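Here's the letter readout for the chains.
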Amino acid sequence: MTDLHTAPPQAPADRGLSLNSLKYIAILAMTIDHIAFAFVPSGTAPAILMHIIGRITGPVMFFSAVEGYHHTRSVRKYLFRLAAFAAVSWLPFLYFRYGGSLADASFMRPNVIYTIFLGVLGIRIRRSTRIQNPAAKVLLITALVILCVPADWGCTGILMILVLDYFHGNFKHQAFAYCLVVLLGMDVLTLLTTPFFGLFYDHVFYIDTEYYAYTIENAGAFIPILLLSLYKGRRGAGNAFSKWFFYVYYPAHLLVLGALQALF
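Now for a description of the structure that goes with this document.

Calculation rules
- Residues numbered from 1 in each chain as written.
- Predicted model: local features only at pLDDT ≥ 70, side-chain atom pairs only at ≥ 80, totals over all residues.
- Heavy atoms only, no water.
- Helix = DSSP H or I, 4+ residues; strand = E, 2+ residues; numbered from the N terminus.
- Buried < 20%, exposed > 50% of the residue type's maximum accessible area, 1.4 Å probe, protein only.
- Areas by Shrake-Rupley, 256 points an atom, 1.4 Å probe, with all protein chains shown as cover.
- Lys, Arg positive; Asp, Glu negative; His and termini not counted.
- Charge placed at Lys NZ, Arg CZ, Asp CG, Glu CD.
- Axes fitted to C-alpha atoms, helices over the stretch in contact; angles between N-to-C directions.
- Parallel < 35°, antiparallel > 145°, perpendicular 65-115°, else oblique.
- Left-handed = near helix turned anticlockwise from the far one by under 90°.
- Contact = heavy atoms within 4.5 Å.
- Nonpolar A, V, L, I, M, F, W, Y, C, P; charged D, E, K, R; others polar.
- Core = buried A, V, L, I, M, F, W, Y, C linked by side-chain atoms within 4.5 Å.
- Expected span 1.5 Å × (residues − 1).
- Arc of directions from axis to C-beta.
- Polar contact = N/O pair within 3.5 Å; in protein donor to acceptor, adjacent residues only side chain to side chain.
- Phe/Tyr/Trp six-rings, centres within 6.5 Å; stacked < 30°, edge-to-face > 60°.

**Regarding the overall build of the chain**
Move 1: Summing up its helical and strand segments, the chain has 13 helices and 0 strands in all.
Move 2: Secondary structure elements of the chain, listed N to C terminal, follow the sequence α-α-α-α-α-α-α-α-α-α-α-α-α.
Move 3: Overall, the chain is about 55 × 50 × 45 Å in size when its C-alpha atoms are taken along their principal axes.
Move 4: Counting the 264 residues in the chain, one finds 47% classified as buried.
Move 5: Accessible area of the chain: about 13,400 Å², with a carbon and sulfur share of 68%.
Move 6: Here the chain carries 19 positive and 12 negative side-chain charges, and the mean point of each set is 20 Å from the other.

**Remarks on the packing of helix α8 (residues 154-166) against helix α9 (residues 171-185)**
Each pair of packed helices can be summarised by the angle the axes make with each other and by the distance between the axes.
Move 1: It is the contact of α8 with α9, at a shortest axis distance of 9 Å, that shows an interaxial angle of 165 degrees. With respect to their mutual orientation, α8 and α9 come out roughly antiparallel. You can see that α8 and α9 cross each other, and the crossing is right-handed. Contact with α8, carried on its side by Thr156, Leu159, Met160, Val163 and Leu164, involves Gln174, Ala177, Tyr178, Val181, Val182 and Gly185 of α9 and no other residues of that element.
Move 2: Each residue belonging to the contact of α8 with α9 can be placed in one class, and the counts come to 8 nonpolar, 3 polar and no charged.

**Considering the nonpolar core**
Move 1: In this structure, Leu22, Phe62, Leu82, Ile116, Val120 and Met160 are the most contacted members of the largest nonpolar core, which totals 64 residues.
Move 2: Here this core gets 9 residues from one element, more than from any other, and that element is helix α6 (residues 112-126).

**A few points about helix α7 (residues 134-147)**
Move 1: The terminal C-alpha atoms of α7 lie 20 Å apart, and with 14 residues this matches the ideal 20 Å at 1.5 Å per residue to within 8%.
Move 2: When α7 is considered as a whole, its buried residues turn out to be Lys137, Ile141, Leu144 and Val145. Here the buried residues of α7 occupy an arc of 100 degrees about the axis, which is enough to place them on one side. The exposed residues of α7 that point more than 90 degrees off its buried face are Leu139 and Ile146.
Move 3: Of the surrounding elements, those touching the buried residues of α7 are α6 and α8.
Move 4: Structurally, the start of α7 carries an N-cap: the backbone nitrogen of Ala135 is 2.9 Å from a side-chain oxygen of Asn133.

**Considering the packing of aromatic side chains**
Move 1: Summed over all chains, the structure comprises 15 aromatic pairs.
Move 2: Relative to Phe245, the ring of Tyr24 lies with its centre 5.8 Å away and its plane at 40 degrees, an arrangement referred to as tilted. Pair noted here: Tyr24 is in helix α1 (residues 19-39) and Phe245 is in helix α13 (residues 240-263), with a separation of 221 residues, a long-range link.
Move 3: Looking at Tyr24, the relative accessible area reads 34%, which means it is partly exposed.
Move 4: With a relative accessible area of 23%, Phe245 lands in the partly exposed category.

**Considerations on the environment of Leu164**
Move 1: Turning to its location among the elements, Leu164 is positioned in helix α8.
Move 2: For Leu164, a relative accessible area of 3% gives the class buried.
Move 3: Distance in space between the C-alpha atoms of Leu164 and Gln174 is 5.3 Å, their sequence separation being 10 residues.

Now the structure itself:
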């Protein structure tokens, strides 16, 4: 969810994906993921496939947020917009997350826009010239990571934003650092290592199918790298609809899916 006012150098129109195209793909993936969460039994093959597709959404939006930071005219206004829509989306997210009812909802479950807001704030702190002490920057960013713990995509989300910004302008380095976060922060590496713990310590090579059914979904987080590799620095059509659609669709679709859960 970005606020791009100035686009990077234009690539040929018939090559690659624009940032808006990436975000439309992310929105479609998010909708599929949320439909699965609401209506498809967890652990079934259709649910696993739909959640794998859903893992496209967060990373693409995190990448878009980094691009937004580097191309917006006003970082302050961009942060304010993110904070405002994080607040607007708070109850719709809980309404959806708790099956169309707020009766038993835990209000310490912020949405992904909140995660993006903290991530962009982390970028602002890291790149700030007013804060000269590196230790102070580390402490402030650590505080943001802690604040992200209960949120959608949580600590993993803010770390993705920070590494994508740190290597901004070098996609190969971005991709490498991002993949490390996926491997270590989303338990994907354990898909390979867990069976060997049993083999080395108990002399039994055992695969927990229930655990794998859940964790394999996170392997879908590698898909965005393929999409982002097609990004050629173009924003896409810049009009009011494309700018605000990404902000409005998120809480709107959560309310609709929450209401459908309440009905059925």
